[in-house]
Each structure stands twice: as C-alpha cells, then as structure tokens.
Amino acid sequence: MKPTPRIPDAVKSSPLAIQGLTVSYDRRPVVHSVDFVTPPGSMTAIVGPNGAGKSTLLKASLGITARLTGDVRVFGKPFEVMSRHVAYVPQRSSVDWDFPATVIDVVAMGLFRDQRWWQFNRGRDRRLAMHSLARVGMEAFADRQIGQLSGGQQQRVFLARALIQDAELTILDEPFAGVDAATESAIIEVLKELRDEGRTLLCVHHDLSTVHDYFDHVLLLNVRGIAAGAVDEVFTAANLQATYGGRLSEVQLARLVSPASKEAR
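Here the structure is a predicted model, which is why all the values come from computation and not from measurement. (Residues numbered from 1 in each chain as written. Predicted model: local features only at pLDDT ≥ 70, side-chain atom pairs only at ≥ 80, totals over all residues. Heavy atoms only, no water.)

Overall, the prediction assigns the protein chain a mean pLDDT of 88, with 89% of residues at 70 or greater. Across the protein chain, the secondary-structure element scoring lowest on mean pLDDT is helix α12 (residues 259–264), at 44, and the one scoring highest is strand β9 (residues 217–222), at 98. Across residues 115–119 the pLDDT falls below 50, and counting only partners more than four positions away or on other chains, this stretch makes five contacts in the model. Scored below 50 in pLDDT, residues 260–265 shows nine contacts in the model against residues more than four places distant or in partner chains. (pLDDT = per-residue confidence, 0-100. Helix = DSSP H or I, 4+ residues; strand = E, 2+ residues; numbered from the N terminus. Contact = heavy atoms within 4.5 Å.)

What follows covers the packing of aromatic side chains. Aromatic rings in a pair are described by how distant their centres are and how their planes are angled relative to each other. With the rule as written, the count across this model stands at two aromatic pairs. Here the aromatic rings of Phe176 and Tyr214 are separated by 5.5 Å at their centres, their planes lie at 55 degrees, and the arrangement is tilted. Here Phe176 is found in the loop between β7 (169–173) and α7 (181–196), whereas its partner Tyr214 is found in helix α8 (residues 211–214), with 38 residues between them in sequence. (Phe/Tyr/Trp six-rings, centres within 6.5 Å; stacked < 30°, edge-to-face > 60°.)

Moving on, we come to the sheet that holds β7. Pairing is mixed across the open sheet formed by six strands, whose spatial order is β6-β7-β8-β3-β9-β10. Each edge of the sheet is formed by a strand with only one pairing partner; in this case those strands are β6 (86–89) and β10 (224–230). Going across the sheet, the axis of each strand differs from the next one's by a mean of 15 degrees, ignoring polarity. Two strands pair when backbone bridges link them, and β7 and strand β8 (residues 200–204) are joined in this way by five bridges, in the parallel orientation. Each bridged residue has a counterpart across the sheet, and for Leu169 the counterpart in β8 is Thr200. (Pairing = 2+ DSSP bridges. Axes fitted to C-alpha atoms, helices over the stretch in contact; angles between N-to-C directions.)

This part is about helix α2 (residues 54–61). Each full turn of the α-helix corresponds to 3.6 residues, which orients residues three or four apart in the same direction. Burial analysis of α2 places seven of its eight residues in the buried class, which makes it a mostly covered element. Three or more residues of α2 are buried, namely Lys54, Ser55, Thr56, Leu57, Leu58, Ala60 and Ser61. Gly63 sits one or two residues past α2 and shows a positive phi near 80 degrees. (Buried < 20%, exposed > 50% of the residue type's maximum accessible area, 1.4 Å probe, protein only.)

Attention now goes to unusual backbone geometry. Residues other than glycine seldom take positive phi values, yet Asp26 does so here, at roughly 50 degrees. On the secondary structure map, Asp26 appears in the loop between β1 (17–25) and β2 (28–37). Taking relative accessible area as the criterion, Asp26 reaches 79% and is therefore assigned exposed. We note that Phe75 has phi near 50 degrees; this positive angle belongs to a residue other than glycine. Its location among the elements puts Phe75 in the loop between β4 (69–74) and β5 (77–78).

A few words on the environment of Phe158. Counting through the fold element by element, Phe158 comes out in helix α6 (residues 151–164). Judged by its relative accessible area of 7%, Phe158 is buried.

This part is about the packing of α6 against α7. With their axes 10 Å apart at the nearest point, α6 and α7 run at an angle of 15 degrees to one another. Of the possible angle classes, the one that applies to α6 and α7 is roughly parallel. Read as a crossing pair, α6 and α7 show a hand that is left-handed. From α6, Gly152, Gln155, Arg156, Leu159 and Leu163 reach across to α7, where they touch Ala182, Thr183, Ala186, Ile187, Val190, Leu191 and Leu194. (Parallel < 35°, antiparallel > 145°, perpendicular 65-115°, else oblique. Left-handed = near helix turned anticlockwise from the far one by under 90°.)

Here we come to the pairing of β7. Sheet faces and side chains relate simply in a regular strand, where the side chains alternate between the two faces. Counting buried positions over the five residues of β7 gives five, a clear majority of the element. Side chains of β7 alternate between two faces, with Leu169, Ile171 and Asp173 and Thr170 and Leu172 buried alike. Two elements, β6 and β7, share four bridges in a ladder whose sense is parallel. Within β7, the residue paired with Val86 across the bridge is Leu169. The parallel pair β7 and β8 is bridged by α7, and the resulting crossover is right-handed. (Right-handed = clockwise from strand over helix to strand, strands pointing away.)

Set out below in structure tokens:
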C-alpha cells in the first residue's frame with residue numbers, strides 16, 4: 001500500500017494552498033508550475049502584467065478552468081470538499097447583467113449552495129441579504145433590477161453576495177476595475193473589516209500604486225510565480241522588473257517602492 005503523502009503544516013493552516021499548478025490553452029502554458037500558500041487572516045494581491053495568468057490561476061484553483069497539473073487545498077483538504085468555505089467575486093465583464101433578477105435576489109443566491117429547497121425561508125434570507133447590502137451601502141437598491149445599476153453599484157452587489165456566504169476565504173477577480181473612487185474606497189473598507197475579523201482575502205489587482213496601501217501580502221506572477229510574501233519584503237524594484245519584463249521606468253519604480261512616496265500619497 002502506498003503511504004499517504006504528508007501534508008506540510010503551512011498547507012494545513014493555509015486558507016488556499018496551490019502546489020505545482022499548470023494551465024495550458026492550445027498546448028501553451030498560461031500558468032506554469034505555480035506554488036503559493038495564502039497566509040491566513042491576510043489581504044493578498046495577485047499582481048502581474050496583462051496575460052500573466054492572474055485570473056486563470058484563480059479560476060483553476062476554483063475548478064472553473066481545468067488544471068493540467070497541480071493540487072489545490074483549502075485548510076489542508078481538497079478544494080472540492082471545502083468549496084463552501086470559499087466565496088468568489090468574478091470580474092464584472094464575465095457576468096450577464098441582463099439576467100432578470102433584483103439586487104436582493106442576486107445577493108440571496110449566495111445562500112443557495114448551502115440550502116435545500118425545504119430550508120428556504122424568504123423572510124430570514126431577505127434579512128440576511130439586506131444586512132449584507134447595508135455593509136456595502138446598497139440597501140436602498142434592494143428591489144432594483146441588477147442590470148439597471150452602474151458598474152460600481154453592480155460590483156458592490158456582488159461583494160454583498162460574497163458577504164452573505166460568511167466564508168473564511170473570499171477570492172476577488174479585479175474588484176476595483178472600472179469603478180469610481182467612492183466605490184473603490186467603500187469596497188476596500190469592507191475588505192479590511194473582513195481581514196480584521198480574521199478572514200482571508202485574495203484579489204487579482206492591477207493598480208500597482210495602491211498595493212502598499214491596500215494589501216499585506218503579494219504574489220507577483222508572470223505565467224510563473226516570480227515572488228511571494230509580505231508587501232514590504234517582496235514588492236521591490238528587482239521583483240517588479242522581473243515580473244513586468246523590465247518595462248517599468250526608474251521613476252515608476254521609485255514611486256512604487258519608495259517609503260517616502262508611500263507616505264506622500
């Protein structure tokens with residue numbers, strides 16, 4: 001009988017541990033042999049250029065996209081048996097906003113995976129949905145059709161749908177893309193509250209200038225994992241140049257990694 005492989009302690013305690021993950025499209029690797037252990041109770045950004053495989057890494061971890069190789073574990077167990085502990089906020093562009101549903105119905109859908117039909121309680125579920133909407137400042141829009149909202153409002157609604165799941169790990173794919181400054185500020189405030197409650201957040205992020213302000217940890221990715229760790233240790237000029245293929249100017253790098261520039265923002 002083959003011995004059961006020992007799972008490292010860091011993997012057992014991690015909300016999401018990715019080992020040797022490879023995804024290929026038309027025989028071309030778009031994510032290649034990535035290892036990453038998400039620190040518990042943290043906000044982690046996945047950062048890299050367009051086409052680096054950031055969204056693909058998340059989708060493959062969640063089972064949305066097929067993995068060629070690799071193992072994904074949630075608190076040391078296979079993702080497939082721990083999926084209810086994970087909430088997912090997809091890119092806004094991947095959602096059919098013409099779907100005929102109200103805001104409160106979209107939020108309440110976050111409960112359905114954990115309920116059977118006989119457990120459905122419209123009054124209770126509506127109260128939970130309204131509480132989640134209140135956390136993102138959208139309770140006044142509860143009965144509005146989802147397609148009638150602005151992009152920023154839609155993003156808040158999908159965050160509320162994640163909140164209602166009460167998950168230990170929330171994964172967000174570019175939550176700040178295409179939203180206004182007020183919405184971005186509201187979203188980051190909620191995410192930091194979740195982090196302070198002991199939850200773990202993992203976000204694909206594109207704005208390098210806010211990495212220091214928003215996140216504790218970072219994974220730098222360009223098909224392969226370039227570096228991962230605490231922002232203050234990993235978000236360096238050398239690692240950024242390796243991630244972006246030397247395309248960042250010295251001025252850009254100084255603004256991104258200099259403590260003085262951070263304090264001035």
